[in-house]
Amino acid sequence: MTSQLPTPRVLYINPADGCNLHCKHCWVNEGSRTGKLLSLEQWKDLLTQAKALGAGYVKLTGGEPLLYKDIVPLYRFTADIFPQVAIETNGTLQPDGLWETFLNKKPFHVSVSIDSANPDIHDEFRGGTDAWKKTVAFAKKLVEHGINNQVIMSIADLRRQPVKDMARLVEKLGVSTLKINFIIPSGRGKNNNFSRNSPIKEILDFIAWIHEEMPDWVLPSVPAALLPVNHLKKLGYCPVRNLMGVLPDGIFSLCGVAFSRKDMAWGKFPETSVQEAWENSPVYRMIRSSVPGHLEGVCRRCMHKNSCAGRCVVNNLETGGSITSPDILCQRAYDAGLFPETRLL
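Caption draft 1: Broad picture of the side chain of Thr 177. In this fold, Thr 177 is placed in strand β6 (residues 177-182). Take Thr 177: its relative accessible area is 18%, and that puts it in the buried class. At 3.1 Å, the side chain of Thr 177 forms a polar contact with the side chain of Gln 150. Filtering out sequence-adjacent residues up to four positions away, Thr 177 remains in contact with Asn 149, Gln 150, Val 151, Val 170, Trp 217 and Leu 219.

As structure tokens, this is what we get:
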């Protein structure tokens, strides 16, 4: 690999073609049915190549990764060669041998999606019968097996009671953290203009309420500049310059964005090797040359730009038309005179 290139430290793989649910906000459109899947042996080859280039963290995501027919041996192989393997799942499936394999080699982290403490509301939002019941059972097993865990709650409005109710459920289950995601206007959430149309003062008040009134394990997924300083240590950043994604058929993507944005895909494994994709993909090259150096708007002036990198280039692409567009919440706060001046360079 060319010496001046950053290392592809993080690998997001999407092994299954599609999902068993039909979530209203899905930004990968259920996986969009890519076609022929990579075999277990091909995934092993890809993972081995990525490891040789310096990758150390793998996230199994999707679509629904536990739909992949060989998910247990795939996880076992991945966990054998990578120090950190995370899983994002809707938690409605429990393939044979999964928990025995987890006990033998625990995942670094497992996130499950629960959007309401009310089973009916969750099932209607997720488009699956008994989805809530199955996911809660999965979350309980994560706790029982001592696996690092998280519940992710997706929201489309600023009502506080549903968050309070979810926090109580998470505490009752014994889950470690509750992550609050604002639904982004992409995929099936395309018409959700929450981040654009909700009054920015109310959004900022809602974020402040979470930090001031909710337990410190309730984590809103918002840009670093909008967080209190004492909460920055809990914030995860997208490793966008060191990130490689692979779709179920071997198409190289940034994350899962190429499910619905074909312009964000280039190359296909095994015809294209991992090294060739990392070195030659115009998508990866564009990101390396543009982020964070050419971020626009308030992101250009923000003291967090090198770590935050605009927070999510996919969201910025959808809301602003470019991967260098500023984060919509930060820009709206800045335009309204509500952006923290202490975070400006």
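Caption draft 2: Looking closely at unusual backbone geometry. The residue after Phe 269, namely Pro 270, is reached through a cis peptide bond having omega 10°. Checked against the element boundaries, Pro 270 lands in the loop between β9 (252-253) and α9 (274-280). Here the bond from Val 291 into Pro 292 is cis, since omega is 5°, no more than 30 degrees from zero. Take Pro 292: it is sitting in the loop between α10 (282-290) and α11 (297-301).

Caption draft 3: Representation of the pairing of strand β2 (residues 57-60) in the model. Bridging between strand β1 (residues 10-13) and β2 involves 4 bridges; their strand directions are parallel. Of the residues in β2, the one forming a bridge with Val 10 is Tyr 57. In terms of strand pairing, β2 meets strand β3 (residues 84-89) through 4 bridges, oriented parallel. Within the sheet, the bridge partner assigned to Lys 59 lies in β3 and is Ala 86. In this fold, β2 hands off to helix α2 (residues 71-81), which returns the chain to β3; that crossover is right-handed.

Caption draft 4: Layout of the environment of Lys 164. If you trace the backbone, Lys 164 turns up in helix α6 (residues 161-173). Each C-alpha atom of the pair Lys 164 and Glu 213 lies 9.7 Å from the other, and the pair is 49 residues apart in sequence. Once residues within four sequence positions are removed from consideration, Lys 164 is found in contact with Trp 209 and Met 214.

Caption draft 5: Quick peek at the packing of aromatic side chains. The full count for this structure, using the stated rule, is 8 aromatic pairs. The interplanar angle of 35° and the centroid separation of 5.7 Å between the aromatic rings of Phe 206 and Trp 209 together place this pair among those described as tilted. Here Phe 206 pairs with Trp 209, and both are found in helix α8 (residues 200-213), just 3 residues apart, close to one helical turn. Between Tyr 334 and Phe 339, the aromatic rings sit 6.4 Å apart at their centres with planes inclined by 75°, giving edge-to-face as the arrangement. With relative accessibility at 6%, the residue Phe 339 sits in the buried group. Over the ring of Phe 82 we find Lys 51; its NZ or CZ atom is 5.6 Å from the centre of that ring. Just above the ring of Trp 278 sits the side chain of Arg 288; from NZ or CZ to the centre is 4.9 Å.

Caption draft 6: Spotlight on the pairing of β6. Most of β6 is tucked away: 5 of the 6 residues are buried. The pairing of strand β5 (residues 149-155) with β6 spans 6 bridges and is parallel. Across the sheet, residue Ile 152 finds its bridge partner in β6, namely Lys 179. Remark: the β5/α6/β6 crossover connection has right-handed handedness.

Caption draft 7: Main features of the nonpolar core. Grouped together as the largest cluster of nonpolar side chains are 84 residues, with contacts concentrated most on Leu 11, Ile 13, Leu 74, Leu 178, Phe 182 and Phe 339. Setting aside anything within four residues of it in sequence, one finds Phe 182 in contact with Ile 155, Phe 194, Ile 203, Phe 206, Ile 207, Val 222 and Leu 329. Formed by 16 residues, the second largest nonpolar core is a distinct cluster that contains Val 240, Met 264, Ile 287 and Val 291.

Caption draft 8: Structural detail: the pattern of salt bridges. Throughout the structure, instances matching the rule amount to 12 salt bridges. In this structure, Lys 44 and Glu 41 form a salt bridge, with 3.6 Å as the shortest nitrogen-oxygen distance. Taken together, the positions of Lys 44 and Glu 41, both in helix α1 (residues 40-52) and 3 residues apart, correspond to about one turn of that helix. Close ionic contact of Asp 165 with Arg 168 constitutes a salt bridge, the shortest N to O distance being 2.4 Å. Taken together, the positions of Asp 165 and Arg 168, both in helix α6 and 3 residues apart, correspond to about one turn of that helix. Overall, the relative accessible area of 48% leaves Arg 168 in the partly exposed class.

Caption draft 9: Representation of α2 in the model. Looking only at α2, the buried set comprises Ile 71, Val 72, Leu 74, Tyr 75, Thr 78 and Ala 79. Angular distribution of buried residues about the axis of α2 spans 160°; they occupy a single face of the element. Check the buried side of α2 and you find it contacts β1, α1, β2, β3 and α3 (98-104).

Caption draft 10: Looking closely at the sheet that holds strand β8 (residues 243-246). The sheet built from 9 strands is open, its strands ordered β7-β6-β5-β4-β3-β2-β1-β8-β9 with mixed pairing. Strands with a single pairing partner mark the edges of an open sheet, and in this sheet they are β7 (218-220) and β9. Judged from the 3 bridges that link them, β6 and β7 form a sheet pairing that is parallel. The residue bridging Lys 179 from the neighbouring strand is Leu 219, located in β7.

Basis of the calculations
- Residues numbered from 1 in each chain as written.
- Predicted model: local features only at pLDDT ≥ 70, side-chain atom pairs only at ≥ 80, totals over all residues.
- Heavy atoms only, no water.
- Helix = DSSP H or I, 4+ residues; strand = E, 2+ residues; numbered from the N terminus.
- Buried < 20%, exposed > 50% of the residue type's maximum accessible area, 1.4 Å probe, protein only.
- Polar contact = N/O pair within 3.5 Å; in protein donor to acceptor, adjacent residues only side chain to side chain.
- Contact = heavy atoms within 4.5 Å.
- Pairing = 2+ DSSP bridges.
- Right-handed = clockwise from strand over helix to strand, strands pointing away.
- Phe/Tyr/Trp six-rings, centres within 6.5 Å; stacked < 30°, edge-to-face > 60°.
- Lys NZ or Arg CZ within 6 Å of the ring centre and 35° of its normal.
- Core = buried A, V, L, I, M, F, W, Y, C linked by side-chain atoms within 4.5 Å.
- Salt bridge = Lys/Arg side-chain N within 4 Å of Asp/Glu carboxyl O.
- Arc of directions from axis to C-beta.

It is worth stressing that arrangement in space is one thing and function is another; only the former is reported here.
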